[in-house]
Amino acid sequence: MVDEVLAGAVLTIDLDALAGNYRQLRNEAAAAACGAVLKADAYGTGADRVGPVLFAEGARDFFVAHIDEGIRLRAALADAFPGQADAAVVHILGGLLPGSEDAFTEHRLTPVLNGLDDVARWRAWCADRDAPLPCDLHVDTGMCRLGLDRREFEAVRDDPSLLDGLAIDLMMSHLASGDDKASPQNAKQLNAYLEARRHLTMGRASLANSPGLFLGPDYHFDLVRPGYALYGGNPTTWRLPEHPNPMAQVVHLQAKILQVRSVDTPDTVGYGASHKVTRPSRIATLPVGYADGYLRSLSSRAPSHEDKGHFARAHIGETGVPIVGRVSMDLITIDVTDVPEAQCRPGQLVDLIGPRHTVEDLAAEAGTIGYEILTSLGDRYHRVYKGGGLRP
Ligand SMILES: *Cc1c(COP(=O)(O)O)cnc(C)c1O
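Here the structure is a predicted model, which is why all the values come from computation and not from measurement.

So, how was this worked out
- Residues numbered from 1 in each chain as written.
- Predicted model: local features only at pLDDT ≥ 70, side-chain atom pairs only at ≥ 80, totals over all residues.
- Heavy atoms only, no water.
- Pairing = 2+ DSSP bridges.
- Helix = DSSP H or I, 4+ residues; strand = E, 2+ residues; numbered from the N terminus.
- Phe/Tyr/Trp six-rings, centres within 6.5 Å; stacked < 30°, edge-to-face > 60°.
- Salt bridge = Lys/Arg side-chain N within 4 Å of Asp/Glu carboxyl O.
- Buried < 20%, exposed > 50% of the residue type's maximum accessible area, 1.4 Å probe, protein only.
- Near = heavy atom within 4 Å.
- Polar contact = N/O pair within 3.5 Å; in protein donor to acceptor, adjacent residues only side chain to side chain.
- Areas by Shrake-Rupley, 256 points an atom, 1.4 Å probe, with all protein chains shown as cover.
- Nonpolar A, V, L, I, M, F, W, Y, C, P; charged D, E, K, R; others polar.

Colleague: Is there a simple way to think about the pairing of strand S17 (residues 319–324) in this case?
Modeller: Put simply, side chains in a regular strand alternate between the two faces of the sheet. Relative to S17, strand S16 (residues 313–316) runs antiparallel, the two being bridged by four bridges. Bridging across to S17, isoleucine 316 finds its partner in threonine 319. Once S16 ends, the chain turns through two residues before running back antiparallel as S17, passing glycine 317 with a positive phi of about 60 degrees. Judged from the two bridges that link them, S17 and strand S18 (residues 332–335) form a sheet pairing that is antiparallel.

Pasting the structure below:
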């Protein structure tokens, strides 16, 4: 990581806000335990820093997608809490790739068994060791992605001995439309899950992700699995605009002005000459681009008869300024004509994600979801971790 003085952009992760979000989700979960999803490097925020903070808050069930993410998370937890971190359960959502059994056991990771093929391989592994090693069972209730499908579920329902020799920790499923409270798919999946649970009573029950947690206590079961909301994402978009995002912002992204230039008319800015300057302007250049996860779809489009136009925004202090021209690999350009010159000199910080412009605002401008903005946050940023009560 580059030094802050040398860095073109600074990404600040507020670990106190993250801890507060965890406590809020745990309260919402009430009697259910509150796990934490840290896949994709804790949604771009840094799993090795986030994991210990959540462990200190009492989280004991951690979820990642890949086995190598689990190995690194285990090491980070053991580093921060020697001796105690054994209490953490690290679940690997991607399941049991053939040949990975050994690594699961060596690093004490819990595979999510996503089909009868996984089940058979884990049973054989346990039988060889004469020990029922922990695992989770995932039953698909409407994603058609991972988990036992209908036929596989019926097979284990009719012959429970197919699960003999396993130590099942979670019996889980996953919601497809939790972010849309009005979707009939939620109740449909809930009923399918309850039906599955009537037959597969082993282990703890778990269904809800971040939005699922806010669908009500029927969806909580024994353990909830929030990810996005921990990192400040809005798990209750259906309540907008009356109820703003209940979660605290965790991510703050600032870029330094490299250069400011005066541009006369007529002239154009950037690749493809896509932005036409229509008044004498000042244009500032920032060292952030699509290689940093500042998505190219944030490029500007002038209004035309078939398009109402599109300008993503940055902020200098209180003032919103438009991103003009194409987002290039390493650079973006903003129109600072309306900002006093004293506020836009080289080295000055501009907010790209901040209190006035959230991850979700930027996602809307990019035509995507906040999840993609977070998980795209690049590794060229200088990272600053605030709070967390651990290391600076
Ligand atoms: C990613 C994921 C979650 C967390 O979802 P969020 O919407 O980020 O809260 C929970 N469960 C499973 C199986 C997942 O893949």
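Colleague: Hey, could you run me through the packing of aromatic side chains in this one?
Modeller: Centre distance and the angle of the planes are the two values used to describe a pair of aromatic rings. Here the structure, examined in full by the defined rule, presents six aromatic pairs. Plain terms: the ring middles of tyrosine 193 and phenylalanine 221 are 4.9 Å apart, the flat faces sit at 80 degrees to each other, and that makes the pair edge-to-face. In this pair, tyrosine 193 is assigned in helix H8 (residues 184–199) and phenylalanine 221 in the loop between helix H9 (210–213) and strand S10 (223–224), connecting sequence segments 28 residues apart. Centre to centre, the rings of tyrosine 228 and tyrosine 371 are 3.8 Å apart; their planes meet at 15 degrees, and the pair counts as stacked.

Colleague: Just checking my understanding: could you explain the pattern of salt bridges for this structure?
Modeller: Oppositely charged side chains are able to pair whenever their charged atoms sit close together. Overall, the coordinates contain 18 salt bridges when judged by the stated rule. A salt bridge links aspartate 86 to arginine 108; its shortest N-O distance comes to 3.3 Å. Of this pair, aspartate 86 sits in the loop between helix H4 (67–80) and strand S5 (89–92) while arginine 108 sits in the loop between helix H5 (101–106) and strand S6 (109–113); the two residues are 22 residues apart in sequence, bridging distant segments of the chain. A relative accessible area of 53% places aspartate 86 in the exposed class.

Colleague: Looking at this model, I keep getting lost on the site of the ligand. Mind explaining?
Modeller: The local shell around the ligand holds 15 residues, among which Lys39, Tyr43, Ser210, Gly227 and Tyr371 are the closest. Tyrosine 43 places a polar side-chain atom, nitrogen or oxygen, 2.5 Å from an oxygen atom of the ligand. One of the side-chain N or O atoms of tyrosine 371 is found 2.6 Å from an oxygen atom in the ligand. Protein burial of the ligand: of its 390 Å² of free accessible surface, 93% is covered by the chains. Broken down by secondary-structure element, the contributors of at least two residues to the shell around the ligand are helix H2 (39–43) and H9. Considered class by class, the residues forming the shell around the ligand number eight nonpolar, four polar and three charged.

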